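Chain by chain, the residues run as shown.
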Amino acid sequence: MVGDIMAASEDKRQLVIIGGAEDKDGDSQILREFVRRSGGTKAYIVIMTAATELPRDVGENYIRVFERLGAENVRIIDTETREDASSSTALEAIAKATGIFFTGGDQARITSIIKDTEIDAAIHKRFSEGIVVGGTSAGAAVMPDKMIVEGDSETNPRLEIVEMGPGLGFLPGVVIDQHFSERGRLGRLITALIREPAVLGFGIDENTAMVVTDSQIEIIGQGSVTIVDESESTYNNMDKILRDEALAICGAKLHILPHGYKFDLKTRQPILTNGAAVDASVPVGSAIISAAV
């Protein structure tokens, strides 16, 4: 799994993965960063509205924000059916795009309509060429190769609380959850991470984003990103329990990183402001899970 993460990160690919409810009317720090990375005033941004049942309203709201921030060209691609995902006009727009943005809604709609279509292939091609791909809420959930389709919040980890499904695979080998602190989703992130299994789980708060560049993640926004690393965990009881019984995990690492902190996907360690990796013995925004949860 670590190799998958590194392979996806070493091609100079860029992702802006947002926990939902990002500021659209004030300074719009996160969306501003997306526009900047997409080319600034020369950006050509495509808004993918597959997740929402209100594509025109949602899409026009993002057009308003991106144009206010100076993007030169912004357009909506609305795919209501899989047949729409082979539209020649949509494919032409993706070929020109410098940034592609997935809105919130229902992540299962994104994968059921787009995955393994011509548009999916076209977006991945452009992504591999270096354009920026962003997504918020449901648009964040689809970034890994396996995603949380739905699950219970504010509960302890149990196998029954999470349904997993295929994602779009922009950041493979991880699990991502959104609206994280606001909805108390630590239990379902840990469950998803163990069920997958993946190496790293990222829980992104609202109005917060993890910006991936090469093998490095930077946190921006109002909240934090919670990172669960189970690569060196010493025990879990997944093979001994039934679906409704409590999951135990010991020895996993927990990092909580606010705005300005960075994380290295290769070393799986937070990075200090001077660029050095955080020593495991120094509790800078991080802790160790070493009891059953």
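Notes on the structure follow. (Residues numbered from 1 in each chain as written. Predicted model: local features only at pLDDT ≥ 70, side-chain atom pairs only at ≥ 80, totals over all residues. Heavy atoms only, no water.)

Time to look at the pairing of strand S10 (residues 208-213). Burial within S10 is extensive, with five of its six residues counted as buried. Alignment of strand S1 (residues 14-18) against S10, held across five bridges, turns out to be antiparallel. Within S10, the residue paired with Val 16 across the bridge is Val 211. Count of turn residues in the S10/strand S11 (residues 216-221) antiparallel hairpin: two residues, of which Asp 214 carries a positive phi of about 55°. (Buried < 20%, exposed > 50% of the residue type's maximum accessible area, 1.4 Å probe, protein only. Helix = DSSP H or I, 4+ residues; strand = E, 2+ residues; numbered from the N terminus. Pairing = 2+ DSSP bridges.)

Attention now goes to the environment of Asp 116. Tracing the chain through its elements places Asp 116 in the loop between helix H5 (107-114) and helix H6 (118-128). Sequence spacing of Asp 116 and Leu 168 is 52 residues, and the spatial spacing of their C-alpha atoms is 8.8 Å.

Further remarks concern the pairing of strand S8 (residues 174-177). Side chains of S8 alternate between two faces, with Val 174 and Ile 176 and Val 175 and Asp 177 buried alike. Inspection of the sheet shows S8 paired to strand S9 (residues 200-204) by four bridges, in the parallel sense. When the sheet's bridge partners are listed, Asp 177 is paired in S9 with Gly 203. For the crossover that starts at S8, traverses helix H8 (residues 186-195) and ends in the parallel S9, the hand is right-handed. (Right-handed = clockwise from strand over helix to strand, strands pointing away.)

This paragraph deals with the packing of aromatic side chains. Under the defined criterion, the tally for this structure stands at eight aromatic pairs. Centroid distance Phe 34 to Phe 101: 5.3 Å. Interplanar angle 65°. Geometry classified as edge-to-face. Of this pair, Phe 34 sits in helix H2 (residues 29-37) while Phe 101 sits in strand S4 (residues 99-102), placing them 67 residues apart in sequence. Just as Phe 34 is buried, Phe 101 falls in that class too. Taken together, the ring pairs in this structure connect Phe 34, Tyr 62, Phe 66 and Phe 101 into an aromatic cluster. (Phe/Tyr/Trp six-rings, centres within 6.5 Å; stacked < 30°, edge-to-face > 60°.)

All right, on to the side chain of Ser 137 then. Tracing the backbone shows Ser 137 in the loop between strand S5 (132-136) and helix H7 (138-141). Since its relative accessible area comes to 13%, Ser 137 is described here as buried. Among the polar contacts listed, one links the side chain of Ser 137 to the side chain of His 179, at a separation of 2.8 Å. Beyond its immediate stretch of four places on either side in the chain, Ser 137 contacts Ile 18, Gly 19, Gly 20, Gly 104, Gln 178 and His 179. (Polar contact = N/O pair within 3.5 Å; in protein donor to acceptor, adjacent residues only side chain to side chain. Contact = heavy atoms within 4.5 Å.)

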